[in-house]
Amino acid sequence: QMQLVESGGGLVQAGGSLRLSCAASGRIFSINAMGWYRQAPGKQRELVATITSGGTTNYADSVKGRFTISRDNAKNTVYLQMNSLKPEDTAVYYCMMNGRTVLRPSANDYWGQGTQVTVSS
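Residues numbered from 1 in each chain as written. Predicted model: local features only at pLDDT ≥ 70, side-chain atom pairs only at ≥ 80, totals over all residues. Heavy atoms only, no water.

**Student:** Quick question: what am I supposed to make of the overall build of the protein chain here?
**Tutor:** Tallying secondary structure elements over the protein chain gives zero helices and 11 strands in all. Element order for the protein chain, N to C, with α for helix and β for strand: β-β-β-β-β-β-β-β-β-β-β. Its C-alpha atoms give the protein chain a radius of gyration of 14 Å, within 12% of the compact-globule value 14 Å for 121 residues. Projected onto its principal axes, the C-alpha positions of the protein chain cover 45 × 25 × 25 Å. Going through the 121 residues of the protein chain one by one, you find that 42% of them count as buried. (Helix = DSSP H or I, 4+ residues; strand = E, 2+ residues; numbered from the N terminus. Rg over C-alpha atoms; globule rule 2.2 N^0.38 Å. Buried < 20%, exposed > 50% of the residue type's maximum accessible area, 1.4 Å probe, protein only.)

Here it is, written out as structure tokens:
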């Protein structure tokens, strides 16, 4: 299987920045898309940003121009640089990776445990 461990969340004032990281471990064959999602209290989980194995990125309209997703394939790690944070960015942020492992050769989605991001006004 694939295990994802996130880090970098915390409390920040509006206008500040945070950088989230998510590292995958396990007997991994390959990782296709990587992404970040978030879930605010009382709301459904929503897509924040994704990045393909080729580096093509996609962002939610609400974060375009403020957030940047990147990946380090050698480290099986995805990052989310968050700038100009707003109180409405407050949520639990989850990383997701679509990949193949020794035990599960077909592609599957794997999720991290989530990291809290709180933006104060």
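**Student:** What am I meant to see in the sheet that holds strand S8 (residues 77-82) here?
**Tutor:** In any sheet, the strands associate via hydrogen bonds between backbone groups, in a parallel or an antiparallel arrangement. Across the sheet, which stays open at both edges, the four strands sit in the order S1-S3-S8-S7 with antiparallel pairing between neighbours. The two strands at the open ends of the sheet, each matched to only one other strand, are strand S1 (2-7) and strand S7 (67-72). Taking each pair of neighbouring strands and ignoring which way they run, the sheet shows an average axis angle of 15 degrees. Across six bridges, S1 lies against strand S3 (residues 18-26) in antiparallel orientation. What sits directly across from Val5, in S3, is Ala23. (Pairing = 2+ DSSP bridges. Axes fitted to C-alpha atoms, helices over the stretch in contact; angles between N-to-C directions.)

**Student:** What is the right way to look at the side chain of Arg66 in this model?
**Tutor:** Following the sequence through the fold, Arg66 ends up in the loop between strand S6 (57-59) and S7. Residues in contact with Arg66, not counting those within four places in the same chain, are Gln81, Met82, Asn83, Ser84, Leu85, Lys86 and Asp89. (Contact = heavy atoms within 4.5 Å.)

**Student:** Would you explain the environment of Gly15 in this entry?
**Tutor:** With respect to the helices, strands and loops of the structure, Gly15 is situated in the loop between strand S2 (10-13) and S3. Here Gly15 falls in the exposed class, since its relative accessible area comes to 55%. Excluding residues within four positions of it along the chain, Gly15 makes contact with Ser84 and Leu85.

**Student:** Got a minute to help me understand the pairing of S8 in this structure?
**Tutor:** Look at any regular strand and the pattern is simple: side chains alternate between the two faces of the sheet. Counting buried residues along S8, five of its six residues qualify, which places the element largely inside the surrounding structure. In the sheet, S3 pairs with S8 via six bridges, with the strands oriented antiparallel. What sits directly across from Arg19, in S8, is Gln81. For S7 and S8, the ladder comprises six bridges, and the chain directions are antiparallel. Its bridge partner lying in S8, Thr68 is registered against Gln81. Counted between consecutive antiparallel strands, the loop separating S7 from S8 contains four residues, among which Asn76 sits at a positive phi close to 50 degrees.

Shape is all these values report; function is a separate question.
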